[in-house]
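Single-letter residue listing:
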Amino acid sequence: MQPRHTSFETPRLWLISDARNDAALETALRRLPRGSGLVFRHYHLAETERRTRFAQLARLARRFGHVVVLSGGARQARRWGADGVYGSADNLARGPALLRLVTVHSLKEIAAARRARADLVLLSPVFATRSHPGGKALGPLRTLLAARLSSAPLVALGGMNRRSARRVPGLRSAAIDGLCTPYR
């Protein structure tokens, strides 16, 4: 499915950045299939450092044909040259037209993503994750149900790797840790 506001096909595989995987991002971006996506978060960095790191990773990602999305406001994403914006439905309701990735954790938030006219919905946590030990995962059945209720394509996030992705067939997937090591 092509998003409303862009000229490219939305990726099926997304790498989500943060402080934990920063050292492995360049290697991961080189290994991803051409046309994958990068969601740049890096909340741990000061604004100037964050923008510099974004520019470095965006340059590399584009060399491999990847889509680059910034976590933040739509106007900031436009200024920084991102292809899209990532965040909650409330934060994406206004701003320039870009690819809109909305993060959700419940059916109520899926409804909010619909109202925000999300192009993609990232649902988490689908499976247990190292980042939220002991957290309650949705599991494959609830994830597939949520995908049917979403007006935008659903991206499974949380405990995703090649094996867990087979448990939610047909869905796009995203990972923080799972793509910084060989995708098993």
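What you are looking at is a predicted structure, and each value in this text was computed from that prediction instead of being measured. (Residues numbered from 1 in each chain as written. Predicted model: local features only at pLDDT ≥ 70, side-chain atom pairs only at ≥ 80, totals over all residues. Heavy atoms only, no water.)

As a further point, take the pattern of salt bridges. According to the stated counting rule, one finds five salt bridges in the structure shown. Measuring nitrogen to oxygen at the nearest pair gives 3.2 Å for the salt bridge that ties Asp18 to Arg41. Of the two residues, Asp18 is situated in the loop between β1 (13–16) and α1 (25–31) and Arg41 in the loop between β2 (37–40) and α2 (47–63); the sequence distance between them amounts to 23 residues. A relative accessible area of 9% places Asp18 in the buried class. Classification of Arg41 by relative accessible area gives buried; the value is 13%. For Glu26, the salt bridge is made with Arg53, and the minimal N-O distance between the two is 2.6 Å. With Glu26 in helix α1 and Arg53 in helix α2, the pair connects residues that are 27 residues apart, well separated along the chain. By relative accessible area, Glu26 is classed as partly exposed at 24%. Since its relative accessible area comes to 10%, Arg53 is described here as buried. (Salt bridge = Lys/Arg side-chain N within 4 Å of Asp/Glu carboxyl O. Helix = DSSP H or I, 4+ residues; strand = E, 2+ residues; numbered from the N terminus. Buried < 20%, exposed > 50% of the residue type's maximum accessible area, 1.4 Å probe, protein only.)

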